[in-house]
Amino acid sequence: MSAQITLTLPDGSQRSFDAGVTPAEVATSIATSLGKKAISATVDDQHWDLQWPINTDAAIAINTMKDAEPALKLIRHDLAHIMARAVQEIWPDVKVTIGPVIDNGWYYDFDRKEPFTPEDLGAIEKKMKEIINLRDAVRTEVWERDVAIKYYEDRGEPYKVELIEAIPGDEPLRMYWHGDWQDLCRGPHLQHTGQVPADAFKLMSVAGAYWRGDSDRAMLQRIYGVAFQNKEDLRKYLNMLEEAAKRDHRKLGREMDLFHMQEEAPGQVFWHPNGWTVYTLLQDYMRRKQRGGGYVEVNTPQVVDRKLWEASGHWDKYQENMFIVEVDEEHAREKAVNALKPMNCPCHVQIFNQGLKSYRDLPLRMAEFGSCNRYEPSGALHGIMRVRGFTQDDGHIFCSEDDITAETKKFIDFLAEIYADLGFTDWTIKLSTRPEKRIGSDESWDRVEAALGDACQNAGYAYELLEGEGAFYGPKLEFTLTDAIGRNWQCGTLQVDPNLPERLDATFVGSDNERHRPVMLHRAVLGSFERFIGILIEEHAGKLPFWLAPRQVVVAAIISDANDYVLQKVEELRAAGIRAEADIRNEKINYKVREHSLGKVPVILAVGAREVEEGTVSIRRLGEKQTSVQSFAETLPQLAEDATPPDLRS
RNA sequence: GCUGCUGUAGCUCAGAGGUAGAGCACUCCAUUGGUAAUGGAGAGGUCGAGAGUUCAAUUCUCUCCAGCAGCACCA
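The structure displayed is predicted, hence computed values, not measured ones.

Q: Got a sec to walk through the protein's contact with RNA strand B? Specific residues and values, please.
A: Close to RNA strand B lie 53 residues; Met343, Ile558, Asn586, Ser618 and Arg620 are nearest. Each atom of RNA strand B within 4 Å of the protein belongs either to a base or to sugar and phosphate, the latter forming 50%. Within the side chain of Glu611, an N or O atom sits 2.4 Å from a base nitrogen of RNA strand B. Contributions of two or more residues to the surface near RNA strand B are made by β12 (201-210), β13 (219-227), α8 (249-255), α18 (589-598), α19 (609-614) and β33 (616-621). Counting residues per element, the surface near RNA strand B draws most heavily on α18, which supplies seven residues. Of the residues contributing to the surface near RNA strand B, the split by class is 23 nonpolar, 16 polar and 14 charged.

As structure tokens, this is what we get:
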């Protein structure tokens, strides 16, 4: 007689079963209909396949499609398998690799000589729907390693063999079948393919991806798909993507006449008057904040001799990302090899090293709006978010190791205030810890990592841990913001660096009258003006806060008899510090309103015969349909108030 | 850098082995119009760059450059 186990259901009731009972059997024992509707179980908080036996007492909940989280996970995961099966049914010689669930969907990596075309995607999608309609049962078994390896070797699936070899020896290998199609997989999966909604998924794109994420290995073809519980959710998602495309900073940058880029200067920005207005406003704001935050501002050279880069270690570790500047042999009076600075830190140490510093000078917070050039890989460039020429709101805090926590907390608060001023509430902190290749003792890493973690907690912010992602010289905090389609961008950062002061021999005299080595905190709030403005545009869909809008007000004449009044009001607005323009073109007001609305001008003041007569303006704010008429004398101070940067408001 | 796709007027795009087209924008003319496109006319292109095939290339082939998506990179 087999042993009995007790399972506790979500309502608290307990039932006794033979050990080895499966959730499928449990579900059917509760109700036949539940047995059919079941998709998986949650057993002691673990996501559990309906076919996996349960051998010990446990809490169990049967999941159905009403349980969104497991449902989505299973739908997407089963679709990954169904897609791989479809691909191999159409092209039997394609090799399969891995296919995980990701946000909104899944991907699967294939090895195939010929590229998948958009038409192929259509064919695969069609085949997938056929497979779903077959309602093939999903079956699972645990296999012995050597059997599994032999199986895949015989089938000519080298990637699967490699995957199995990488799985720790004591871990059971699980196989899944969707119909006759087999894949190595941890599971869990659905009961049968028919449980996948056939109308709520879509194959999105094909792209290259390295096997095991290693650029030295084979380039595979990755097909991305998205899937939801129903057609409506899919439609909403696709709609959201369309809306997001309208917020793309590259598109808005052109439409709002902010900047452009061109072939002759890849990865570098031509700022137009409108864009440069935003840039300088942001810089002015940051300059005020930094002064208030206890920073001194400096400026350092662009072109610096390789000797300094050799000393700092950049020549060794970063050279392939640097623009090297060599003067033509014939014209050179001296044989100097220079590089455009990719970072400001070595130059800041040079300033620190001028004159003897005392512990009384620390912490010394040195800031620079530092123009940097980095030869970024061509494939990494992206609008103004990832560029080769950019300006950081850089800063270096020279302090002692004991100051790290306090300085970090101070910095996080500083950054949070600025992000809030600029309209960001949704940002995350990531703490990257010691990588495999590193310098410094483990004790030192322990201390410094703890200092950063403590600082986050003291400041009241949760952080995500990125183990092993730190710089070789020290751990770092990354502050990331999200673009229109959900891609994360690192903007702010704080990195602890005991290495550079060592290499460039920075010292200060302590209270003990001995020389000591300062620690350097590299830090940036915006990261770079370029990236941050890109994010700012996407976050606000181009409708920048009034104080940052390049053109704040357009005064538009409805009839040409109002032109003089318009010009006069524009003068008065400008005198009050408001960026105002007149529109006295020979066009209808409809035309003007449309054009300036598309140009994201926050306020349009329309003026016709009545307004001239009464000394009023008709105000229309961006995004609002209705207008209101009020006296210009009242309007001006209101607009002036709105135009005040957040840090200067009373 | 890698894989795939793309590059035609300022913008968005159509087109075909026989040296190019639309809409918007631009210029001019008419229109003075009340809150998201007034009408008409005109001008505007080495079809990303270079080479090859061809009687003929913007179209086909190759190389390069740039952009897009993803991967890798982002000390």
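Q: Tell me about the nonpolar core, residues and numbers included.
A: Counting residues in hydrophobic clusters, the biggest one holds 60 residues, and the most contacted among them are Tyr419, Leu422, Leu477, Phe479, Val525, Leu526 and Phe532. Sorting elements by how many residues they give to this core places helix α13 (residues 404-421) first, with eight residues. Aside from chain neighbours lying at most four places away, what touches Phe532 is Leu282, Tyr419, Leu422, Phe424, Leu481, Cys491 and Leu526. By size, the runner-up hydrophobic cluster in this structure holds 30 residues, among which are Ala71, Ala80, Ala86 and Phe201.

Q: Could you give an account of the domain arrangement of chain A, with specific residues and numbers?
A: If you check the domain split of chain A, you get domain 1 (4-64), domain 2 (69-245), domain 3 (264-537) and domain 4 (546-648). On a C-alpha basis, the centres of domain 2 and domain 4 stand 56 Å from each other.

Q: Kindly report on the sheet that holds strand β2 (residues 14-18), identifying the contributing residues and their values.
A: Read across the open sheet, the five strands follow the order β2-β1-β5-β3-β4; overall the sheet is mixed. Since the sheet does not close on itself, it has two edges, and those belong to β2 and β4 (46-48), each with one partner. Within the sheet, the average angular offset between the axes of one strand and its neighbour, ignoring direction, is 35°. Note: strand β1 (residues 4-8) against strand β5 (residues 58-63), two bridges, orientation parallel. Residue pairing for β5: Leu7 is matched across the bridge by Ala58.

Q: Give a detailed account of empty space enclosed by the protein, specifying residues and quantitative values.
A: This model, assessed by the stated rule, comprises one cavity of 30 Å³ or more. Its boundaries defined by the atoms lining it, the largest cavity holds a volume of some 40 Å³. Classifying every residue of the lining of the largest cavity gives two nonpolar, two polar and two charged.

Q: Lay out the pairing of strand β22 (residues 389-399) with the relevant residues and their values.
A: The buried fraction of β22 is high, at eleven of eleven residues. Side chains of β22 alternate between two faces, with Gly389, Thr391, Asp393, Gly395, Ile397 and Cys399 and Phe390, Gln392, Asp394, His396 and Phe398 buried alike. Judged from the seven bridges that link them, β22 and strand β29 (residues 519-528) form a sheet pairing that is antiparallel. Bridge pairing in β29 links Asp394 to Ala524.

Q: Outline the pattern of salt bridges, listing residues and values.
A: According to the stated counting rule, one finds 37 salt bridges in the structure shown. Across the pair Arg386 and Glu376 runs a salt bridge whose closest N-O atoms are separated by 2.9 Å. Note that Arg386 is positioned in the loop between β21 (364-373) and β22 and Glu376 in the loop between β21 and β22, a separation of ten residues in sequence. You can call Arg386 partly exposed: its relative accessible area is 28%. The salt bridge involving Asp483 is made with Arg487; its shortest N-O contact spans 3.0 Å. Judged by its relative accessible area of 36%, Arg487 falls in the partly exposed class. Several salt bridges share partner residues, and in doing so they unite Arg85, Glu89, Lys127, Glu130 and Asp136 into one network.

Q: Let's hear about the layout of surface pockets: which residues, and what values?
A: Considering only enclosed or pocket space, the largest pocket measures out at about 1,000 Å³ in volume. Lining the largest pocket are 40 residues, with Tyr318, Met343, Arg374, Gln392 and Gln495 positioned closest to its centre. Here the lining of the largest pocket gets seven residues from one element, more than from any other, and that element is strand β26 (residues 488-497). In terms of residue class, the lining of the largest pocket is built from 14 nonpolar, 15 polar and eleven charged.

Parameters at a glance
- Residues numbered from 1 in each chain as written.
- Chains lettered and ligands numbered in written order.
- Predicted model: local features only at pLDDT ≥ 70, side-chain atom pairs only at ≥ 80, totals over all residues.
- Heavy atoms only, no water.
- Near = heavy atom within 4 Å.
- Polar contact = N/O pair within 3.5 Å; in protein donor to acceptor, adjacent residues only side chain to side chain.
- Helix = DSSP H or I, 4+ residues; strand = E, 2+ residues; numbered from the N terminus.
- Nonpolar A, V, L, I, M, F, W, Y, C, P; charged D, E, K, R; others polar.
- Core = buried A, V, L, I, M, F, W, Y, C linked by side-chain atoms within 4.5 Å.
- Buried < 20%, exposed > 50% of the residue type's maximum accessible area, 1.4 Å probe, protein only.
- Contact = heavy atoms within 4.5 Å.
- Domains from an automatic or database assignment.
- Pairing = 2+ DSSP bridges.
- Axes fitted to C-alpha atoms, helices over the stretch in contact; angles between N-to-C directions.
- 1 Å grid on protein atoms, 1.4 Å probe; cavity = no way out; pocket = protein on both sides within 12 Å on 5 of 7 lines; lining within 4 Å.
- Points joined across faces, edges and corners; volume = space filled by probe spheres on them.
- Salt bridge = Lys/Arg side-chain N within 4 Å of Asp/Glu carboxyl O.

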